[in-house]
Each structure stands twice: as structure tokens, then as C-alpha cells.
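Reading the structure
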Amino acid sequence: MKNVQKNLLIFSLVLLTSLLLVACNSDSSSGDANGKKSKDKDERFKLSLMLNLHTPEIPQDRLEKLLEEKTNTDLDIQWVPDGTYDERVNSAFASGTLPHAFLVKAGQFVQFKEAVRDGQFWEIGPYLDEFENLSKLREGTLNNSMIDGKLYSLYMGRPLSRDGIIYRKDWADKLGINTPKTTVEFYEMLKAFTENDPDGNGKDDTIGLTVREGLGSFNVIASWHGVPNRWGEKEGELLPDFMFPEYIDTLNYFRDLHSNGYMNHDAPVTSKQDQQALLKNGSAGTYIGSMQDVYGMYNDAVALNPDIVFDVHNYVEGPHGEYGVRSIPGYGSLIMFPKSGIESEAELKKVIKFFDYLMSTEGANTLIWGVEGEHYEIVDGHAKVLDQDKFDTEIKPYTPLEIGEPLTNGRYEAFYDYEPATKSNELYIDNDKYVIEDPTVTLDSDTYNKNAGTLDQIIEDATIQYILGNIDETGFKDSIEKWKNAGGNDVIKEYNES
């Protein structure tokens, strides 16, 4: 009997040991090596995105894999060519097939306001404080992207203003001209660049300013003169910029430039490419626009003239003794979160967590620059691309996903081996102190939304005709009345009631 009990005890111990070993092996297989990977894979969040593609081909997935690893997600990115992106977004919205998150361009954002009010998008403002990085987003830009005082999007930051001048410093030095600090000094520089043979070839073949179609250059000079940014307040009422006397002052300033030949006569039909060519080939001495354009233009210009010297500048005071420059709302595009793609608050937070990583310093540098030592290196505290072709195919297409801006996400700025290009980034920051904001960014006008093209064209045409000398101030005021009768009066009313 004792032997039987002893054998049973031994058998029980062996059985218990075997069960424990099996259990341990099972835990090991699910907690280590293949098992841990299997468990992690089950926990990975499948995140779908829609982005616009600015490159000819869909990017290689090197960066995508890095982001998946860092965020424990499986990414499903729908790449849509930029030229057809708005149409694809509208189609997906109409069919209820939008992904978890999608990019919406600033110009298209207004189209979704009614859908937001109908409850078709997630409000994300209340969640931002829960995320360390997203809580650092710039307050002013967040306010500019709100709808009825609530936040439904994450912004992809842009400098508030890139506007300034690029000019031939070698011409200015030769003629003894200092960097212009006022509109009078700027005018005199354009005059000298036209009349005083700055290239020294003895020919009358130069002009002061190169301008292209549209009102881009005009609007920059208008901001120097104190013209509001699209709309401004006068006697307690919001009115469009062209109803301010400073707009007429700018018209006269520009008409003098044109009539004296200090700018290209065919500006209204000049493309951006041709506008830049006039500066690069030595025909013109000054260009108004994004100061960062200096980098590409110099690289082309120096091939034609190894002695060419450019510089950039932003601060030009108007007749009122102040400097101002138009600002954008602080974003180039936005990320929105449709309820058709995100079913619950818990799922929403998982999506937001992914974007919180993108706004971390590590995430932002990975997204914008790739892997240090493989895609870029650090030079003087800036990121320098190592292999442009590799960077263009593996990293560059993802840049529209950037959340925030270097000021808030802490990523590296680009390294340039050309001093004016580095200076232009510094002047972007300087412009922040002088920006003129558009007060209608968060306001609504149904009439303007429906008729913006027609209304804007009336004023653009009148502005150009005035500059060309084809109409006078009375003719311009007639165009304002035409604008009012075409819906402008309703726009004024709606913005002021909004």
C-alpha cells in the first residue's frame, strides 16, 4: 500500500512538472522571440491615411516602415496625385469611404465647414492637452483653423510670411545703393537699376523689378503701404482691402513703376518661370516673393554669370513709417478626422497618438529628414541632405504629413551652403513680428464661398488696368461698384454678421 501511495506521489509530481514546463514554454513562445512578435502584431493599430503626392512616383516604403516601427502601427496610405487630390477627397467624402485621417488643403477646408457643423467630423480640441507634443501647437494658428470656436483638425505649419525681396547686391554695390528700408528707397533702387547701366555693358537693357501675372508682387508692396490683409476694419466695419485709401496709394506707386519702365511691361501675362528668368539672366535686378527662392535662382544664375551676387531683405517701411507684411493663417494644409472612418473615441485617440509622435522632435526629424547618417547629416545645427536622389524617393513625399513647425516640433532646419538662403529662413522668423493678419480667416460668407472667383477677378482686372494706365481712379471706383452689385455687398454684410 505504501508503495502504491509512493508511486502515485511520484506520478503526480512528474505530471505537475510537465504541466508547468508546458505552461512556461507556452508563455515563452508568446512573450519572447516569435511569440512576442505575434502578440505585438495583434496589438498594432491599423491606420489609414490619404495624402497628396507631389512626386511622379509613389515613394519607397523605407520611411513608412520606420514610422510603423516607432508607432506600433500598420500604415495604409492612399497616395493621390496632387492635381486630382481635391476631386478624390470630395468623391471619398460623398461615398463615405474616407480613411481614419486625410489631408485637406487650405483652399478646400471651407467646403467642409457645413459637414463639420452636421457632426460628420471629430472635434479634437479637448484631447490635445492629453498629448505632450500636440499640446505645444501654436495657439494663433490653432485659432485660425477653428470652426465656430472649436478645433477639428491638426495643422501642418508654414511660416506666417515668406515674403520679401531678392535683389542684385552686386548691382547695388556698384551703384552705391544701400539696402532699401523704405518704399521711397526701394523705388529709387528700381529706378537706378533701370537707368544707370548696373551691368556696365553700355546698353539700355535692364529693368528694376520683375513681376508676374496675378497680384502677388502688388500685394506685398501694398502691405508695405499699410493696406490690410484682404480685409480690414474701418469705422467699426470690416471692409475689403481695395476700399482703403492705401490701396489707391499702392496703385499709383505701381503705375509709376510701370509707366517709367522700371518693371517689365508684359507683367500681366508673365509666368513665374519667365519672371524668375529675368532675374537669373541679368535682365532685372529685383524680385518680390518667397525669399527662399533665392537658392534655386542663384544656382541657375551663377551658371550664366559666375560673378553674380544676390541678397535677400524683408523690412521696407511705407509712407506711414511702419513695416507690415501679409500673413497666411499659419498652415498650408490640415489633417481632419471623419467619423465615417473613426468609429469611437478610443479609436480616435489611437489615431491622434500617431500624430503626436510625428510632432515629437524625433518623429519630426524622421519624417522630414529620414535617418541620420543615411539620408542626412548635421552641419552647424542644421540638416544637410546626403544623397538627393535617395532623399527624393524615400523621404520627400512624406513631408506634407508634418505637424506643427520647427518652432513647435523642434526639428532641424535645412542646411544651405549659400548664405542668402540661410538668411531667408531667419527673415521668415523676423517677419512674424510684423505680420498683418486676415480678420476673415475664421468668418463665413456663403456668398463669397460661392462666387469668390468672379468677385476676385473683378478687382484683379481693375487693379491691372489701373497699373497699365487704362483706367483712372474713377474707373477703379466703378469696378468697386460692379463688385458690390455682383454680390460684394452681401459678402460685407455676411462677414460683419459672422
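Shown above is the structure to which this text applies.
Notes on the structure in this doc start here. Per chain, the residues get numbers from 1 upward, laid out in the order the sequence is written. Side-chain atom pairs in this predicted model are given and counted only at pLDDT of 80 or more, local residue features only at pLDDT of at least 70, and totals for whole chains, interfaces and linings cover all residues. Heavy atoms throughout the structure, all of them, feed into the side-chain values; hydrogens and water do not.

Remarks on the overall build of the chain
A run of H or I in DSSP counts as a helix once it spans at least four residues, and a run of E counts as a strand once it spans at least two, with each numbered from the N terminus. Helices and strands together make up the secondary structure of the chain, namely 20 helices and 15 strands. Both definitions apply: the radius of gyration is a C-alpha atom measure, and the globule rule equals 2.2 Å times residues to the power 0.38. Whereas a compact globule of 498 residues would reach a radius of gyration of roughly 23 Å, the chain reaches 29 Å, over 25% beyond that. Its C-alpha atoms put the chain at 125 × 55 × 35 Å along the principal axes. Classification of the 498 residues of the chain by burial places 47% in the buried group. In the chain, the proportion of contacts linking residues at least 24 apart, taken out of those at least 6 apart, comes to 76%. Carbon together with sulfur atoms contributes 48% to the accessible area of the chain, which is approximately 24,100 Å² in total. Taking the average location of the 48 positive side-chain charges in the chain and that of its 84 negative ones, the two points are 7 Å from each other. Burial classes follow relative accessibility: with a 1.4 Å probe on protein chains only, a residue under 20% of its type's maximum area counts as buried, one over 50% as exposed, and anything between as partly exposed. Should any heavy atoms of two residues lie within 4.5 Å, those residues are considered in contact. Computed with the Shrake-Rupley method and a 1.4 Å probe, the accessible areas treat only the protein chains shown as cover for residues. Under the counting rule used here, the positive set is Lys and Arg, the negative set is Asp and Glu, and His together with the chain ends is not counted. By convention, the charge on Lys lies at NZ, on Arg at CZ, on Asp at CG and on Glu at CD.

Section: the packing of aromatic side chains
Side-chain rings of Phe, Tyr and Trp (the six-membered ring for Trp) are treated as a pair once their centres are within 6.5 Å; stacked means planes under 30 degrees apart, edge-to-face means over 60, and tilted covers the remaining angles. Tallied over the entire structure, the rule returns 27 aromatic pairs. Centre to centre, the rings of Tyr298 and Tyr418 are 4.1 Å apart; their planes meet at 15 degrees, and the pair counts as stacked. Of the two residues, Tyr298 sits in helix H13 (residues 294-304) while Tyr418 sits in the loop between helix H17 (406-409) and helix H18 (419-431), which places them 120 residues apart along the sequence. Each member of the pair, Tyr298 as well as Tyr418, carries the same accessibility label: buried. In this analysis the charged atom, NZ for Lys or CZ for Arg, is taken to sit over a ring once it is within 6 Å of the ring centre and within 35 degrees of the ring normal. Sitting over the ring of Phe244, Lys234 keeps its end group 4.8 Å from the ring centre. Above the plane of the ring of Tyr466 lies Arg255, whose end atom (NZ or CZ) is 4.0 Å from the centre.

Describing the packing of helix H19 (residues 446-467) against helix H20 (residues 473-497)
Axis definition: a line fitted to C-alpha atoms, over the contacting stretch in the case of helices. Angles run 0 to 180 degrees between N-to-C directions. Packing of H19 against H20 brings their axes to within 10 Å, and their N-to-C directions diverge by 165 degrees. As judged from the angle between their axes, H19 and H20 are roughly antiparallel. Relative to H20, the crossing made by H19 is left-handed. The segment H19 lies against H20, with Asp446, Thr447, Tyr448, Leu455, Ile458, Ile459, Ala462, Thr463 and Tyr466 engaging Glu473, Phe476, Ser479, Lys482, Trp483, Ala486, Gly487, Gly488, Asp490, Val491, Glu494 and Tyr495. Amino acids outside the nonpolar list (Ala, Val, Leu, Ile, Met, Phe, Trp, Tyr, Cys, Pro) and the charged list (Asp, Glu, Lys, Arg) are all regarded as polar, and Gly is one of them. For the contact of H19 with H20, the class distribution of residues is eleven nonpolar, five polar and five charged. An angle below 35 degrees is treated as roughly parallel, one above 145 as roughly antiparallel, one from 65 to 115 as roughly perpendicular, and anything else as oblique. Crossing chirality is assigned from the near helix's rotation relative to the far helix, an anticlockwise turn below a right angle marking it left-handed and a clockwise turn marking it right-handed.

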